[in-house]
Amino acid sequence: MKKALITGITGQDGSYLAEFLLSKDYEVHGLIRRSSSTNTERIDHMQKHPKYERFFLHYGDLTDASSVNYLIRRVKPDELYHLGAQSHVRLSFDTPEFTANVTGLGVLRLLEAIRDAGMDSIKFYNASSSEMFGKAQEVPQKETTPFYPRSPYAVSKVFGYWISKNYREAYNMFIVNGILFNHESERRGEAFVTRKITRGVADIVAGKKDKLILGNMDAKRDWGYAPDYVEAMWLMMQHSRPDDFVVATGETHSVKEFVEEAFGLAGLDWKKYVEIDEKHYRPTEADILQGDYSKAKKELGWEPKVRFKELVKKMLDSDMKKNGLKGLV
């Protein structure tokens, strides 16, 4: 039985990945931070169901090298999926040093912990991001597209990408960078614009609010479905050699299109409910992100299953039901 360790297991991707690996008969361990409030709602069902007796959680922190070192030595994983980060782009402008410490140096701490423990055979997945492309130098973006990060978060991700690549080449370690474009789901955090939109539409339909406040509606993103993307992570780790892969849908849609689709599904005219507030704008923006996943398709046999319209429908359906309303499906 393979053993996997996941950082960021309480997040959207971490919870889906844990479920996926358990379905593959892995023993799954997760790193969580101890805090005064709990944030385990995405994984609580895995702790309570007898089916998940191979699921374990450990306290630690990516800013604390000693706890990371201890965890590597204790768990001795075959595969380590590093998903943990301060992952909110807008927030990274307010907390740039914290973001760099967690999102950038967190990668280095894990790689050094593996080396220090003499466990160079551990396969390591590093969650890179399409935000690294930032002010895109070409459209669509692929593995060879130059990076031009436009936020402290993106800069931190670039550091994580290059330190992973350097350790792979310097120490012959199995390290992969998954350059994942935006991926959403019913479990997306409410601070992210896609979930803010679907939650907002559901609240308006339920009569809980009458406005949705947004920022830049012209930004264009390549939006996929998170469960599809965690499968791509696993496929990278089963590949015959470590490499870097773009994971995307190949389509780009604006925030405005997402708004139109969500309100349209609810039978509402979005123009009557949406207001723009510039405080939600970022100081610098990645205007258009669109991925070319042809390498992942060719070498991993991976393709996205859920496309834009179905994604919006899934998210809105979930938020409508959470509000006690009739769902869309």
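- Per an unreviewed UniProt entry, the recorded name for the chain is GDP-mannose 4,6-dehydratase, and the organism is Candidatus Sungbacteria bacterium RIFCSPLOWO2_12_FULL_41_11.
- What UniProt states about the chain under its Function (unreviewed entry) heading is, verbatim, "Catalyzes the conversion of GDP-D-mannose to GDP-4-dehydro-6-deoxy-D-mannose."
- Within the UniProt record for the chain, the comment given under Cofactor (unreviewed entry) is "NADP(+)".

**Quick notes on the nonpolar core**
Soluble, globular proteins show a tendency: their nonpolar side chains are buried together.
1) Next: Leu21, Tyr81 and Tyr125 are the most contacted members of the largest nonpolar core, which has 62 residues in total.
2) Next: Per-domain counts for this core show at least three residues from each of domain 1 (1–182 + 224–245) and domain 2 (191–219 + 250–287 + 305–321).
3) Next: Dropping the residues within four chain positions of it, tyrosine 81 is found in contact with Ala4, Leu5, Ile6, Thr7, Leu17, Leu21, Tyr125, Met233, Trp234, Met237 and Gln238.
4) Next: The next biggest cluster of nonpolar side chains, apart from the first, holds 22 residues, and it includes Leu5, Val107, Ala117 and Met119.

**Here's the deal with the domain arrangement of the chain**
1) Next: Once the domains are mapped, the chain shows domain 1 (1–182 + 224–245) and domain 2 (191–219 + 250–287 + 305–321).
2) Next: Contacts between domain 1 and domain 2 engage 13 residues on the former and 15 residues on the latter.
3) Next: Between domain 1 and domain 2, roughly 1,200 Å² of surface is buried when both sides are summed, and carbon and sulfur atoms account for 53% of that area.
4) Next: The largest share of the area that domain 1 buries against domain 2 comes from Arg90, Arg150 and Tyr225, three residues that together contribute 41% of it.
5) Next: At the boundary of domain 1 with domain 2, the tally comes to one salt bridge.
6) Next: Across the salt bridge formed by lysine 305 and glutamate 231, the nearest N and O atoms sit 2.9 Å from each other.
7) Next: For the pair domain 1 and domain 2, the number of links is six residue pairs in polar contact (both at pLDDT 80 or more).
8) Next: Tallying contributions element by element places helix H4 (residues 89–94) first for the side of domain 1 that touches domain 2, with three residues.
9) Next: Counted by class, the side of domain 1 that touches domain 2 contains three nonpolar, five polar and five charged residues.

What counts, and at which threshold
Residues numbered from 1 in each chain as written. Predicted model: local features only at pLDDT ≥ 70, side-chain atom pairs only at ≥ 80, totals over all residues. Heavy atoms only, no water. UniProt positions renumbered as here; feature names shortened; annotations may be inferred. Core = buried A, V, L, I, M, F, W, Y, C linked by side-chain atoms within 4.5 Å. Buried < 20%, exposed > 50% of the residue type's maximum accessible area, 1.4 Å probe, protein only. Domains from an automatic or database assignment. Contact = heavy atoms within 4.5 Å. Buried area = accessible area lost by both parts, 1.4 Å probe. Salt bridge = Lys/Arg side-chain N within 4 Å of Asp/Glu carboxyl O. Polar contact = N/O pair within 3.5 Å; in protein donor to acceptor, adjacent residues only side chain to side chain. Helix = DSSP H or I, 4+ residues; strand = E, 2+ residues; numbered from the N terminus. Nonpolar A, V, L, I, M, F, W, Y, C, P; charged D, E, K, R; others polar.

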